[in-house]
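Remarks on the overall topology
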Amino acid sequence: MGLITDQMPPMIEAFPGGPAFLTSLDSIINWARSSSLWPLTFGTSCCAIEVMMAAGAAHHDLARFGAEVARPSPRQADLLVLAGTIVKRMEPRLRTLYDQMAEPKYVIATGACAISGGPFIYNSYSTVRGAHEIIPVDVYVPGCPPRPEAFFYGLLTLQKMIREGETIRKPNERRKPVLANLPPGLTLEQLRKEMIQNLESHSVTKFSDKPTGGF
Amino acid sequence: MVNPEISSLEKRIQQSPSKTELNTQEYFVNMGPQHPSTHGVLRLVLRMDGETVQDIIPVLGYIHRGIEKKSESVGYRQQVHLTDRLDYLCSLMNNWGVSAAIEKAMNIELNDRIETVRTIVAELQRIQSHQLWWGVFGMDLGAFTPFLYGFRDREKITAIFEETIGARLTMNYFQPGGMMYDIHPDFVQKVKEFIKYFRPILKEYEDLFSGNIIVQERLRNVGIIDGKTALAYGATGPVLRASGIPYDLRKIEPYGVYSKVQFEVPVGKVGDCWDRYQVRMQEMQESLKIIEQLIDNIPEGKHMVMKFGAKIRPPAGRFYSQIETARGVFGTFFVSDTTDKPYRMHFRTPNFHNLWSVLKMAPGGRVADLVAILSSIDVVVPDMDR
Amino acid sequence: MTKEELLQQVCGLADGMTIQEQSNQPTVNVPVEKWLSIAKTLKSDQRFQFDMLSDQAAIDWPQENQIELVYQFYSTSLGHNLMVCVRVSRQNPIAPSLYQLWPISEWQEREIFDLFGVRYSDHPDLRRLFLEDDWKGYPLLKDYKDDFMLERPW
């Protein structure tokens, strides 16, 4: 029998003389889910530029992580990237968007506003203090706004969580959110190397650690 | 219980003029707050006859963060942080707007280095903002390539900013009395490299997008507004200039070192989407010209003329000053009661004022035209809602 | 026209108009009952030609029991600007709407109605702009209290 570990083999080959029976189907499903997240384009303010646009464009290239198919419709998306401030008037709309997304769904809250209200936590009559007051959040990415690399770090954290068996989760069940905080003193070069290691451990392709573009 | 918001909006909807012909049936379409081409959380209620837009009712407030209330509880230096988050694509120019208002109130004379560096950096950001607009404009019209091209070149300016300023988007660089830090030693060289790199790229933008027949069809004679109406509906910036009124504060009330440099103010003729497109494309050329004239001889001097961190207490009174951002006039109005916090702070934001000319541009056109129009006036929603 | 000439000519339009000294722009105080007719003159008179209403703001003065409305005008043909301050009572804030003279005023006034509660007579569509209709109170007033809002503890 084929032994499927947490590490996905490069190819699934049929055994000679009969179909392969996969003992650990869940890990395949989790792997597939983690590698093809479809984010919902939900950008309310500043973070949307860094997290959805700059990260998705040519220089940083979100497609490397299998999450570039941004959909404006919640019915076609399974990852809600909360980029920006949530105000009281937006609260019911955000709840509706979350409810309309198909299970299993994941939420990354990026930026200070989506984590805690950020600069608008005091003396603001309309800013909601954090997305967790409205919907369950899986990963927090700190920054104001976070750089695209920090967002990728959060995305990789979420992918790791999914691979470790998040699919068995019951609908709407709240789990403990993870803070995808970049360690202090980390340079961009180290971060890129770490990302590539993470990518290569689950892929057959080789990646270059040279940043694309730039002078 | 009736949701009062719906009931008040419904009343407004019932008042909207009905112009059906040929016994067609009218209906309403909700565009936003979650819509890819409203650039954020703007909501438009459209009264439609077939595919023709009859009337538009904008609904704002989905990102109203109460910045003006918040401003009253923080000191003058911290206002700069809040303006970063209004129009985040012109954060440096917003910083300049509020810093200049405070400097004028306190009669602070800046040295030439500060003025020159401010001008260069603000013009760089004008290019950066227009690059992003160009990319997103293409994407809204259904072409994905401009998005990738625009962001590729935007990253070059972002890299320059990151070295000098330490931030990529919310800059918080200009302070009342100068700048937070002096420019990076490599700044001049990198900016020169960028100008050399970007001139041919602008030509490439034109080749890729402007001459395209589909783009021309989508933009020419779409969303026409004449200068007088645009002015009456509060439009400023490229939207007003495309309608033929050369209202540019850099020429009219020169600030910084704009009075010492040679540049043109691009003006449109028809006032359609194509003119707004052309005005912005030419503004990028003009910004490059301005930077070229200044970059070789940045005067020596300090980067901060005030004592850093000292509390600011302007004299009592009402102070209004304005500045030209990439989208239009950014005005700062504040009332001082001689304490270290403003009694009242109000921002005249360009996007809030530019939005309403859509009500004159879009009716009679198609929904697809409305997307082109919205993109051509380049809305940033948090700036509208404050 | 210099700043002083402009101020003199504007003040000559009606009685009760004074020059506001504490300002960095040419500024006049206008009584609210005369404001609509003076606004018409500012728009149409050949000497002024204020065709651009740049900004409208309001200031709350609880000690004096007044709300002050501040208008910024600019003339594209003559190139001069003017700030106008109009005071209305805080208990019953009613001001004339200028939307027929400067259409942008319609939404600037809606914003002030939303945040300060100033009611504009003959306004075509006076609804809240940013907040929902069931919002209690007007948040930019100095005595606004709210269960939700947190005061900065330092």
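This next bit is on the side chain of A:H60. Position of A:H60 relative to the elements: it lies in the loop between α2 (47–56) and β2 (79–83). Residues contacting A:H60, with those up to four places away along its chain left out, are A:A54, A:A55, A:P148, A:E149, A:F152, B:E155 and B:R168.

Residues and elements named next belong to chain B. Sheet architecture is open: three strands sit in the order β1-β2-β3, paired in antiparallel fashion. Taken across any chain shown, the strands that pair with only one partner, and hence form the sheet edges, are β1 (26–31) and β3 (52–59). Each strand of the sheet is rotated relative to its neighbour by a mean of 20°, with strand direction disregarded. Pairing geometry for strand β2 (residues 43–49) and β3, over seven bridges, is antiparallel. Residue pairing for β3: D49 is matched across the bridge by T52. Contacts from helix α15 (residues 367–377) reach β1, β2 and β3 within the one sheet, and its direction differs from that of β2 by about 150°.

In this section: the interface of chain C and chain B. Listed as interface residues are 49 residues of chain C and, on the opposing side, 43 residues of chain B. Our count for the contact surface shared by chain C and chain B stands at three salt bridges. When the shortest N-O distance is used, the salt bridge between B:E72 and C:K142 registers 3.2 Å. Counting the contacts that link chain C with chain B gives 18 residue pairs in polar contact (both at pLDDT 80 or more). Those elements that place two or more of their residues in the side of chain C that touches chain B are β3 (52–61), β4 (66–74), β5 (81–89) and α3 (105–116) of chain C. Broken down by element, the side of chain C that touches chain B gets its largest block of residues, nine residues, from β3(C). Here the side of chain C that touches chain B is built from residues that sort into 25 nonpolar, eleven polar and 13 charged.

The partner chain C presents 17 residues to the twelve residues of chain A that form the contact. A buried area of about 1200 Å², summed over both sides, lies between chain A and chain C, and 62% of it is on carbon and sulfur atoms. Per-residue buried area on chain A facing chain C is highest for A:R89, A:Y122 and A:Y125; these three make up 54% of the total on that side. Remark: the boundary between chain A and chain C carries one salt bridge. Among the ionic pairs, C:E132 bridges to A:R93, the shortest N-O distance being 3.8 Å.

Attention shifts here to the domain arrangement of chain B. All names here are of chain B. Domain boundaries assigned for chain B yield domain 1 (4–17 + 25–59) and domain 2 (67–385). Computed over C-alpha atoms only, the centres of domain 1 and domain 2 are separated by 29 Å. Across the contact, 17 residues belong to domain 1 and 19 residues belong to domain 2. Between domain 1 and domain 2 the total buried area reaches about 1500 Å² when both faces are included, carbon and sulfur atoms providing 72% of it. Between domain 1 and domain 2 we count zero salt bridges in total. Inspection of the domain 1/domain 2 interface yields two residue pairs in polar contact (both at pLDDT 80 or more). For the side of domain 1 that touches domain 2, the elements supplying multiple residues, two or more each, are β2 and β3. The biggest single contributor to the side of domain 1 that touches domain 2 is β3, with five residues. Taken together, the residues of the side of domain 1 that touches domain 2 break down into ten nonpolar, six polar and one charged.

Here we come to the packing of helix α5 (residues 112–140) of chain B against helix α7 (residues 187–210) of chain B. All names here are of chain B. It is the contact of α5 with α7, at a shortest axis distance of 12 Å, that shows an interaxial angle of 30°. It follows from the interaxial angle that α5 and α7 lie roughly parallel. You can see that α5 and α7 cross each other, and the crossing is left-handed. For the pair formed by α5 and α7, the contact residues are I120, V121, L124, I127, Q131, W134, F137 and G138 on the first element and F187, V191, F194, F198, Y205, L208 and F209 on the second.

All right, on to the pattern of salt bridges then. Applying the stated criterion across every chain, the model contains 37 salt bridges over all chains. Between C:R87 and C:E64 there is a salt bridge, with its nearest N and O atoms 2.6 Å apart. Residue C:R87 is found in strand β5, and its partner C:E64 is found in the loop between β3 and β4; the two are separated by 23 residues along the sequence. Taken together, the shared-partner salt bridges connect B:E123, B:R126, B:R241, B:D248, B:R250, B:E283 and B:E324 into one network.

Rules of the game
- Residues numbered from 1 in each chain as written.
- Chains lettered and ligands numbered in written order.
- Predicted model: local features only at pLDDT ≥ 70, side-chain atom pairs only at ≥ 80, totals over all residues.
- Heavy atoms only, no water.
- Helix = DSSP H or I, 4+ residues; strand = E, 2+ residues; numbered from the N terminus.
- Contact = heavy atoms within 4.5 Å.
- Pairing = 2+ DSSP bridges.
- Axes fitted to C-alpha atoms, helices over the stretch in contact; angles between N-to-C directions.
- Salt bridge = Lys/Arg side-chain N within 4 Å of Asp/Glu carboxyl O.
- Polar contact = N/O pair within 3.5 Å; in protein donor to acceptor, adjacent residues only side chain to side chain.
- Nonpolar A, V, L, I, M, F, W, Y, C, P; charged D, E, K, R; others polar.
- Buried area = accessible area lost by both parts, 1.4 Å probe.
- Domains from an automatic or database assignment.
- Parallel < 35°, antiparallel > 145°, perpendicular 65-115°, else oblique.
- Left-handed = near helix turned anticlockwise from the far one by under 90°.

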